[in-house]
Amino acid sequence: MDENIYKNLKAIENELQTFGTSLLPVTKTFSNEYIMAAYSAGYRQFGENRVQELIPKYEELPKDIEWHLIGHLQTNKVKYIAPWIGLIQSVDSEKLLAEINKQAGRYDRKISCLFQVYIATEETKFGWDAHELKKWLVEGNLARYPHVEIKGLMGMASFSEDKNLVRQELRSLKQLFDSINAMAIPGLDLKILSMGMSGDYLIAAEEGSTLVRMGSAIFGHR
Ligand SMILES: *Cc1c(COP(=O)(O)O)cnc(C)c1O
C-alpha cells in the first residue's frame, strides 16, 4: 500500500511541477495508515471534509500536520476545530465567516480561510456567487472580521465529462481571483487558488490553480 501511495504522489508531483501547482492530499474516508504513508513521503498538509472525521485524526496523528477543512462546515461545529485548524477552504457564507471570526477571537488567533465560490452549473454546490463576493468585498465588509485571514479562493467544477465546460468553469475562478487582487482591497492579498480534483487536476493546473485537492488518484477508490 505504502509503495503505491508513494508512487502515485511522485507521479502527480511530477505532472504538476511544470505548473508550479501544489498538491493537497485529501484523506477523507482513508485510515490513519494511509495518511501516514503520505506523511512519510514528506506531506504535512491534508484535507478532510467532515469535522466528525477530522477530530479523531487530528487527535491521533502527528501534531505537525496542518489540517485543511474542505467540506461544508456548519456554524455549530466551528468551535470544535477553532483552536487548531490550519485552513478552512470552504467558507461559503458570511454567517460562517462571522462564526469563524468569533471562535478565532476566543482563542486569540487568526484563522486562515478561503472563500468557496460557486462556479459549477450544477445546483447542489455551496459557495459565494462571484458577483456578490466582489460587491461584498468592495463594500469593505471584510474589515469586520479581524480574526479571519483570507488567503484565497476555492472552487469545484461540475462533475462532467465535458472537458470544455470544466475548463470554462475553472477559468472563471482564475479570472475572479485575478480581478479581486486587482481591486487592491486593504488587507486582502489572495495567494491560494484551490481548484482541481482527481478528475480535473491537469486542466486546473493549466488554468492557474496553485493547489489541487486530490484523494482517489493518490489513495485509490473510496
Ligand atoms: C473529496 C474532495 C476532493 C478530492 O476528491 P477526489 O476526486 O478523490 O480527488 C476535493 N475537494 C473536495 C471539496 C472534496 O470533498
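Now for a quick tour of the structure. (Residues numbered from 1 in each chain as written. Predicted model: local features only at pLDDT ≥ 70, side-chain atom pairs only at ≥ 80, totals over all residues. Heavy atoms only, no water.)

## Structural notes on unusual backbone geometry
- Even without a glycine there, the phi angle at T29 is positive, about 70 degrees.
- You can see T29 is positioned in the loop between β1 (22–25) and α2 (32–40).
- With phi around 55 degrees, D108 is a residue other than glycine that occupies positive phi space.
- For D108, the location among the structural elements is in the loop between α5 (94–106) and β5 (111–117). (Helix = DSSP H or I, 4+ residues; strand = E, 2+ residues; numbered from the N terminus.)

## Concerning helix α1 (residues 2–17)
- Here α1 spans 22 Å end to end across 16 residues, near enough to the 22 Å set by a 1.5 Å rise per residue.
- Taken together, the buried positions of α1 are occupied by I5, L9, I12 and L16. Taken around the axis of α1, the buried residues stretch over an arc of 75 degrees, which confines them to a single face. Residues of α1 that are exposed and angled more than 90 degrees away from the buried face: E3, K7, N14 and Q17.
- Taken together, the buried residues of α1 touch β1, α2, α8 (201–206), β8 (211–214) and α9 (216–219). (Expected span 1.5 Å × (residues − 1). Buried < 20%, exposed > 50% of the residue type's maximum accessible area, 1.4 Å probe, protein only. Arc of directions from axis to C-beta. Contact = heavy atoms within 4.5 Å.)

## Here we look at the layout of surface pockets
- Here the largest pocket defines a volume of roughly 580 Å³.
- Looking at the largest pocket, it is lined by 28 residues, and the ones nearest its centre are K28, M156, F159, M197 and R213.
- Taken together, the residues of the lining of the largest pocket sort by class into 10 nonpolar, 11 polar and seven charged.
- As a volume, the second largest pocket reaches approximately 200 Å³.
- Taken together, 14 residues form the lining of the second largest pocket, with L142, A143, V148, P186 and G187 sitting closest to its centre.
- Per element, the largest residue contribution to the lining of the second largest pocket is three residues, and it comes from strand β6 (residues 148–155). (1 Å grid on protein atoms, 1.4 Å probe; cavity = no way out; pocket = protein on both sides within 12 Å on 5 of 7 lines; lining within 4 Å. Points joined across faces, edges and corners; volume = space filled by probe spheres on them. Nonpolar A, V, L, I, M, F, W, Y, C, P; charged D, E, K, R; others polar.)

## Quick notes on the pairing of β8
- In β8, alternate side chains face the same way, and those of L211 and R213 on one face and V212 and M214 on the other are all buried.
- Examined bridge by bridge, β1 and β8 share four bridges and lie parallel to one another. Bridge pairing in β8 places L24 opposite R213. (Pairing = 2+ DSSP bridges.)

## A few points about the packing of aromatic side chains
- One pass over the structure, following the stated rule, counts nine aromatic pairs.
- Relative to Y34, the ring of F30 lies with its centre 5.3 Å away and its plane at 35 degrees, an arrangement referred to as tilted.
- Exposure remark for Y34: the relative accessible area of 24% places this residue in the partly exposed category.
- Here W136 and Y145 contribute two aromatic rings whose centre-to-centre distance is 6.3 Å and whose plane-to-plane angle is 15 degrees, an arrangement assigned as stacked. For the pair shown, W136 and Y145 are each scored as buried.
- Through a chain of ring-to-ring contacts, the aromatic side chains of F115, W128, W136 and Y145 assemble into a single cluster.
- If you follow R44 out to its NZ or CZ, it ends over the ring of Y39, 3.5 Å from the centre. (Phe/Tyr/Trp six-rings, centres within 6.5 Å; stacked < 30°, edge-to-face > 60°. Lys NZ or Arg CZ within 6 Å of the ring centre and 35° of its normal.)

## Some points on the site of the ligand
- Around the ligand, the neighbouring residues are V26, K28, I70, M156, M197, S198, R213, M214, G215, S216 and R222.
- Within the backbone of S216, an N or O atom sits 2.8 Å from an oxygen atom of the ligand.
- For the ligand, the accessible surface in isolation is 390 Å², of which the surrounding protein chains cover 89%.
- Spatially, the ligand is embedded in the largest pocket.
- Partitioning the shell around the ligand into residue classes produces five nonpolar, three polar and three charged. (Near = heavy atom within 4 Å. Polar contact = N/O pair within 3.5 Å; in protein donor to acceptor, adjacent residues only side chain to side chain. Areas by Shrake-Rupley, 256 points an atom, 1.4 Å probe, with all protein chains shown as cover. Sits in = over half its atoms within 2 Å of the grid points.)

## Quick word on the side chain of K28
- Inspection of the secondary structure assignment puts K28 in the loop between β1 and α2.
- Although K28 is buried, it makes no salt bridge; E48 carries the closest opposite charge, 8.4 Å away.
- Other than its neighbours up to four places away in sequence, K28 contacts G47, E48, N49, E53, K57 and R222. (Lys, Arg positive; Asp, Glu negative; His and termini not counted. Salt bridge = Lys/Arg side-chain N within 4 Å of Asp/Glu carboxyl O.)

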